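# Observations on the model geometry
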Amino acid sequence: MKLEFKLAFKNLFGAKLRTLLNVFVLSFSFVIIIFLNSIMDGWDQQAQKDSVEWEFGEGHLLHNDYDPLDSYTILDGHGEIPKRSIGMTPVLERQASVYPQGRMIGVVLKGIPSDQKILKLPTKKLNQNKDEFPVIIGKRFSESAKLKKGDRVQIRWRDKNGTYDANTIIIEEIFDSNVPNIDNGKIWIDIEKLWKMTGLENQATYFILDQNFRKGPFDSWTYRSKTTLLKNIKDLIDQKKASQSVIFGLLLAIALLAIFDTQILSIFRRQKEIGTYIALGMTRLRVVRLFTIEGSVYSIMALIFGSIYGIPFFIYMSKAGFPIPPADQKLGIAIADVIYPVYGLKLILLTILTVIISATVVSYLPARKIAKLNPVLALKGKKQ
Amino acid sequence: MKKNILFFTFTIFLSLYSSAQTTNNEKALEIIKKIDNNMFSKTQIVTSEMIVYGKRKKRIIRSKGYSKGKENNYTEYLSPEREKGTKMLKLDKRLWIYSPSTDRTIQLSGHLLRQSVMGSDLSYEDMMEERKLSQVYTAEIVNEEIYLDSPVWIMQLTSKVEGLAYYKRTLWIDKNKFVPLKENLYAKSGILLKTTTFTNIKKIDSRWFPMKMNYKDMLKDGKGTDFIILDIAFNTKIPDNYFSKNILKK
Amino acid sequence: MIKFIFKGILRDKSKSVIPLAVISVGVMVTVIMSGFLNGVFSDVINQNAKLDTGHVKIMSKPYFENKEQLPNDLALLEIQELIDSLNLNYPDLIWTPRIKFGGIMDVPDKEGNTKSQGPGIGLALALQNSKSDELKRLQLSKSLRKGNLPAESGEILLSDNYAKKLKINPGEKITFFGSTMEGSMVFQSYKMVGTVEFGSPLMDRGTFIIDIEDAQNLLDMENGTGELLGYFKDGIYNDQKALVISNEFNSKYSKSQDEYAPVMVTLKDQNGLRESLDMGDAFSGIFIFIFILSMSLVLWNTGLIGGLRRYNEFGIRLALGESKRNVFKLMMVEATIIGLIGSIFGTTLGIIFCYYLQEYGIDISSDIENSTIIMPSVMRAYITSDLFYVGFIPGLFSMLFGTALAGRGIFKRETARLFKELEV
């Protein structure tokens, strides 16, 4: 085997230009496949991270009567906070109407402890203005409702008995999150204030869970794990990945075409050499192996060559990030403006393996012909 | 939805009548009794028009409503063509709507009652409010003034039980005719939510009655909704079957 | 002379078959790649265009300003007249009205009383009008979970989750309860014929799809619509054209006294798509450039090897007295012919394949359950004019370049040496 490798390297280095071209093309495939996949993984991780940090925490515990997809369940879908509620951050939802510039917009008031740390929401701001009704809203809602930081706007809600109440809220902060769910039509307020406003003391619609949460007998509450909550994101990314795999396929195809092409012609041209190997006592199988290895060595060289320009490129991209269209945000799934690629070991190894194996296969296919050659004619250089 | 305005008017009269027994204010009691003598009736049959000012055009909807006490009301829509034959029945806390085109009766319950009635300034719940104001509000005269050339008492009603849509109400009551000319509805915080104005006060069978009302959500832009009474009859006997679900058929 | 070369190419298969095959495959792959990338980057456009934005969208001015609230009281009226004039002025586009509206769906029990009810958002589109292509556009049949698509007026589709929540099955009656454009109370019963999945929790929670004419009747919007979407007839968004059209259209109405005058916005000017799509275009361009570069290298390699292989032949020809220049010239003519044939063949094959992908797509999931309206599992390519040269030019020139590189050898080497390479 060692001899084959030695010979293969010698042969390849001998044919400088051709080898360089093949290696160059193949290395492109390497770099691009790894890069695009890492973007998808980066997106995946970012979307998951954002969703966890802004919305899901380590999971949710929902009141049994509450369905997050049905706003009509907000009215009755709440209950008293269980006594042993470790690792649970309560959120209380109430429907309300705001009246910016005389228009009425239905919203969901979301009460959350202002000292919470589980979500990245700037809830500390909710505590800074004692006399007012300070609230925070997201940038999307701020745009669609035409509300700016510092704006005051009338809000009308009902207390637990259904009595109307109204007041003026002040937009204390506009947060910038990639998660549309916590933004569109949502107004965040201190839960203690919401309890007072509605008379629903110590009530919650759902809990955001953290590491300390232990599943227990929470009878009127339903547990939703982080994985369940993240399923939508995963589905979308899997779909995107599938369409990318076609690009990889085509890219790899062209690189392999180059190798295949080179192999066919080199076997054609080097018949005399093949004849000599056989004459010197090499079995045909061994010659086939030699040529196959020569082909697959391209992929090893491509790997090395690709690393030379690929690694600095990867490092640069992981720092600079890759801008991504915000258009998919309508889907209600967290997508950042800039995605930082994530280079997984598994991804890199898998790509390397794929390229090496496929390069070996396309090298082997034309080399099989060698086994059928007549060594005498080959030695003479007769084209067969 | 035109119904509800009638409900309100009705509710106010009724509450003023009964709240007289609970207020310590002698004068308030006297006023309310007079209003009662003037306005209260066991049943009402009202033909009315509701004028909704849309952004582009106004709509006029005509209906005939039958009510018995506060709990029972049946309304049938007369025009326009689209609305004709639609029936609405309210019995206690339940509300049904019947549509002739689909031959369906739909009961509105729970969360749906809190929805705005077809984009109007009222929710179904608003129009279903049925507890006597006397039982739930305390009343007092807070001022006297001249309102639109008429001398009025200004009376304030404050909720004394929980669960009312409006915590506070203010009424302007004509001193001579004993009818309200204006009503403000307030949130708990004191913010004005809605205003009703009563005009075109006419004498019908020895009673003074406002024949036109305007109902407006004060937080929203717009002209609100007009409600005009074309014909009203008091204390006429209404058959019981008008207040049963059987009426909600073709 | 050309005839002679042709004969040479045809008779000496080693001269032609492999380079031809390689060029064809390389060019074809490039064309497919470009077409496919067009398709991938059109995904974002398409998702938005088909569901929401159209390629251009016409709304009344006040509707446009409050579009988040689905303000149908501000809808466009007299749209047939508008569509007629649009068809006349902009024949490249097809116009289709859409209405979005809210209301309550109510499912009756046997006695006709309410069994279940819940709020929903209606999406009204031209389902019954076969000219509108709306069914195809939204690929509703692919996203169908239960039942059938509406075949006639009075039939309705529900999002799958909504149907589950309302506990209704295809074939059952459902009543819409809401308000007309002007706010009148309205009831209408429909036959629920099927359920679809959108693939977005936002839309799956409570969406129903009805025919536009049903919606116009229902909402008292005769000859009116909330939104009028325009689609280019070739199905591909052309930003420049869209901008020209929208500017022209809007300037016509800019002085209109009508408060409800129509305004036209392009796809890119909605939902913040402009920046993202421009970036997508740039990315796609870079990607194709890299790909073409790689492909050129392969083809150059082919030309090079093809030339090197024939040193013997050149040796004999030189020995026979042919001038070096002539040998080189013939070689280049041959390469041009081979490059041309290969490139034409490859481009043709590539475009045929792209066309197939454009019309039928590849279903990437074996399981049809995964296909939804927003995330169709079918991947498509798009044929644009650049596909005709994106593979062809590099195909031809890299072949020539490679051959020329190999041909250097003819001039560098001595005739005798070349002849010597002719060993028997």
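Anyway, here's the lowdown on the structure attached to this text. (Residues numbered from 1 in each chain as written. Chains lettered and ligands numbered in written order. Predicted model: local features only at pLDDT ≥ 70, side-chain atom pairs only at ≥ 80, totals over all residues. Heavy atoms only, no water.)

### Observations regarding the overall build of chain C
A count of helices and strands for chain C gives 16 helices and 12 strands. Within the span of chain C, comprising 424 residues, buried residues form 57% of the whole. For chain C, the share of sequence-separated contacts (at least 6 apart) that also reach a separation of at least 24 residues comes to 76%. For chain C, the exposed surface amounts to about 17700 Å²; the carbon and sulfur share of it is 58%. (Helix = DSSP H or I, 4+ residues; strand = E, 2+ residues; numbered from the N terminus. Buried < 20%, exposed > 50% of the residue type's maximum accessible area, 1.4 Å probe, protein only. Contact = heavy atoms within 4.5 Å. Areas by Shrake-Rupley, 256 points an atom, 1.4 Å probe, with all protein chains shown as cover.)

### Let's talk about the pairing of strand β8 (residues 186-190) of chain A
Residues and elements named next belong to chain A. Of all 5 residues in β8, 5 are buried, a share of seventy percent or more. As defined by bridge partners, strand β4 (residues 105-112) adjoins β8 across 5 bridges and the pair is classed as parallel. Pairing of V108 across the sheet is with K186, part of β8. (Pairing = 2+ DSSP bridges.)

### Quick look at the packing of helix α7 (residues 271-279) of chain A against helix α8 (residues 284-320) of chain A
Residue and element names in this part refer to chain A. At a minimum axis distance of 9 Å, the contact between α7 and α8 shows a crossing angle of 135°. Classified by the interaxial angle, the pair formed by α7 and α8 is oblique. Between α7 and α8 the crossing geometry is right-handed. Where α7 approaches α8, its residues I274, Y277 and I278 are matched on the opposing element by R284, V287, L290 and F291. Tallied by class, residues from the contact of α7 with α8 come to 6 nonpolar, no polar and 1 charged. (Axes fitted to C-alpha atoms, helices over the stretch in contact; angles between N-to-C directions. Parallel < 35°, antiparallel > 145°, perpendicular 65-115°, else oblique. Left-handed = near helix turned anticlockwise from the far one by under 90°. Nonpolar A, V, L, I, M, F, W, Y, C, P; charged D, E, K, R; others polar.)

### Examining the packing of aromatic side chains
Taken as a whole and assessed by the stated rule, the structure comprises 22 aromatic pairs over all chains. With 5.0 Å between their ring centres and 35° between their planes, Y164 of chain A and Y166 of chain B make a pair best called tilted. Residue Y164 of chain A is found in strand β7 (residues 164-175), and its partner Y166 of chain B is found in the loop between β8 (150-159) and β9 (168-174); the two belong to separate chains. With a centroid separation of 5.5 Å and an interplanar angle of 75°, the aromatic rings of F101 of chain C and F208 of chain C are classed as edge-to-face. With F101 of chain C in strand β2 (residues 93-108) and F208 of chain C in strand β8 (residues 207-211), the pair connects residues that are 107 residues apart, well separated along the chain. Accessibility assignment for this pair places F101 of chain C and F208 of chain C in one class, buried. Among the aromatic side chains, those forming a connected cluster through ring pairs are F35, F313, F314 and Y343 of chain A. One cation-aromatic arrangement involves K168 of chain B over Y186 of chain B; the distance from NZ or CZ to the ring centre is 5.7 Å. Lying across the ring of F234 of chain B, R207 of chain B places its NZ or CZ 4.5 Å from the centre. (Phe/Tyr/Trp six-rings, centres within 6.5 Å; stacked < 30°, edge-to-face > 60°. Lys NZ or Arg CZ within 6 Å of the ring centre and 35° of its normal.)

### A few points about the pairing of β8 of chain C
Residue and element names in this part refer to chain C. For β8, the buried fraction is high: 5 of the 5 residues fall into the buried class. With burial as the criterion, each face of β8 is covered, one bearing T207, I209 and D211 and the other bearing F208 and I210. In the sheet, strand β3 (residues 114-125) pairs with β8 via 5 bridges, with the strands oriented parallel. The residue bridging A124 from the neighbouring strand is I210, located in β8. The pairing of strand β5 (residues 155-159) with β8 spans 3 bridges and is antiparallel. For I156, the partnering residue across the bridge sits in β8 and is I210.

### Considering the nonpolar core
Residues L26, F35, W43 and I259 of chain A together with V31 of chain C are the most contacted members of the largest nonpolar core, which totals 73 residues. For this core, the element with the highest residue contribution is helix α2 (residues 16-56) of chain A, accounting for 17 residues. In terms of nonpolar packing, the next biggest core, distinct from the first, is built from 33 residues, V135, L147, L194 and L209 of chain A among them. (Core = buried A, V, L, I, M, F, W, Y, C linked by side-chain atoms within 4.5 Å.)

### Looking at α8 of chain A
Its 37 residues give α8 of chain A an end-to-end C-alpha distance of 52 Å, which sits within 8% of 54 Å, the value for a rise of 1.5 Å per residue. Of all the bends in α8 of chain A, the largest measures some 40° and sits at S307 of chain A. (Expected span 1.5 Å × (residues − 1). Bend = angle between axes of the 7 residues up to and from the residue.)

### Regarding the interface of chain B and chain C
Contact with chain B, which involves 24 residues of that partner, is made by 32 residues of chain C. Where chain B abuts chain C, roughly 2400 Å² becomes buried across the two surfaces, and 53% of that area is made up of carbon and sulfur atoms. On the surface where chain B and chain C come into contact, there are 2 salt bridges. Taken together, the connections running from chain B to chain C amount to 5 residue pairs in polar contact (both at pLDDT 80 or more). Residues of the side of chain B that touches chain C, tallied by class, amount to 9 nonpolar, 7 polar and 8 charged. (Buried area = accessible area lost by both parts, 1.4 Å probe. Salt bridge = Lys/Arg side-chain N within 4 Å of Asp/Glu carboxyl O. Polar contact = N/O pair within 3.5 Å; in protein donor to acceptor, adjacent residues only side chain to side chain.)

### Observations concerning a nonpolar patch on the surface
Residues and elements named next belong to chain C. Taken together, I2, F6, L10, L340, I341 and I344 make up a surface patch of nonpolar side chains, about 520 Å² in accessible area. Elements supplying a minimum of two residues to the nonpolar patch: α1 (2-11) and α13 (324-359). Relative to the helices and strands, L340 resides in helix α13. (Patch = residues over 30% accessible without salt bridge, like charges linked within 9 Å, V, L, I, M, F, W, Y side chains within 5 Å.)

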